[in-house]
Amino acid sequence: DEAGGVWVAAGAGLLRLQPTERAVPLTSGVRALLPRRGGGLLALDESALYLLGPEARVLARVPIDATVIDLAPRADGGAAVLTQTTPPTVTLIDGSGARRARFDVSRDARALTPDEAGAVLVASRDGELAAYDADGTLRWRLTVPARLRPPVVPLSALRYAVATEGAEILTLSLAETTRRP
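One structure accompanies this document, and this report is about it. Predicted, not measured: the structure shown is a model, and the values here were computed from it.

**Describing the sheet that holds strand β8 (residues 79-83)**
With antiparallel pairing, four strands are arranged side by side in an open sheet as β7-β8-β9-β10. In this open sheet, the two edge strands, each paired with only one partner strand, are β7 (68-73) and β10 (99-104). Each strand of the sheet is rotated relative to its neighbour by a mean of 15°, with strand direction disregarded. Pairing of β8 with strand β9 (residues 89-93), which is carried by five bridges, proceeds in the antiparallel orientation. Along β9, the bridge assignment pairs alanine 79 with isoleucine 93.

This is the structure:
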């Protein structure tokens, strides 16, 4: 249109997209770009995670010192970051960019699924699922007799769905009496 916007069909209506000239300076190419809980974005390049506000302004830059396997938004506006170290490591970063916890996980860890309480579920290709509290304390761990294909999808507080490398989708239900190991 005359103001530089673009109209796009969206369902039964039209959506006007207004381009901006805002550029976010990153160290290198963007490797991941995800929505940030509460508004904004999470951007990952080769050396850092950027927490961006709703107008794509950099709120925090968090150096990342290893190859990232997975990145997932957390309820507090931060991120859970799984890095390829020996053994692999999960770092929980809050919405201000502060590192809140760091812990080692299974050698085949492939995917992260944070929950609303700040905990994170770690899925490993070899069939291990482990839940860690927001401080990195192991909440529970179980092994499924199949190779998993991420992601793990929370269905409720105690139920999850996950696909296997075969042709199955498994629904896992935990008892309310599940205790820490």
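What follows picks up the thread again.
**What about the sheet that holds strand β6 (residues 58-63)?**
Across the sheet, four strands lie side by side as β3-β4-β5-β6; this open sheet has antiparallel pairing. This sheet does not close on itself; its edge strands, each paired only once, are β3 (32-35) and β6. Each neighbouring strand pair of the sheet contributes to a mean axis angle of 15°, computed without reference to strand direction. Two elements, strand β4 (residues 41-44) and strand β5 (residues 48-52), share four bridges in a ladder whose sense is antiparallel. Paired with alanine 43 across the two strands is tyrosine 50, which belongs to β5.

Conventions used here
- Residues numbered from 1 in each chain as written.
- Predicted model: local features only at pLDDT ≥ 70, side-chain atom pairs only at ≥ 80, totals over all residues.
- Heavy atoms only, no water.
- Pairing = 2+ DSSP bridges.
- Helix = DSSP H or I, 4+ residues; strand = E, 2+ residues; numbered from the N terminus.
- Axes fitted to C-alpha atoms, helices over the stretch in contact; angles between N-to-C directions.

In short, the description is geometric, and any link to function would need to be established separately.
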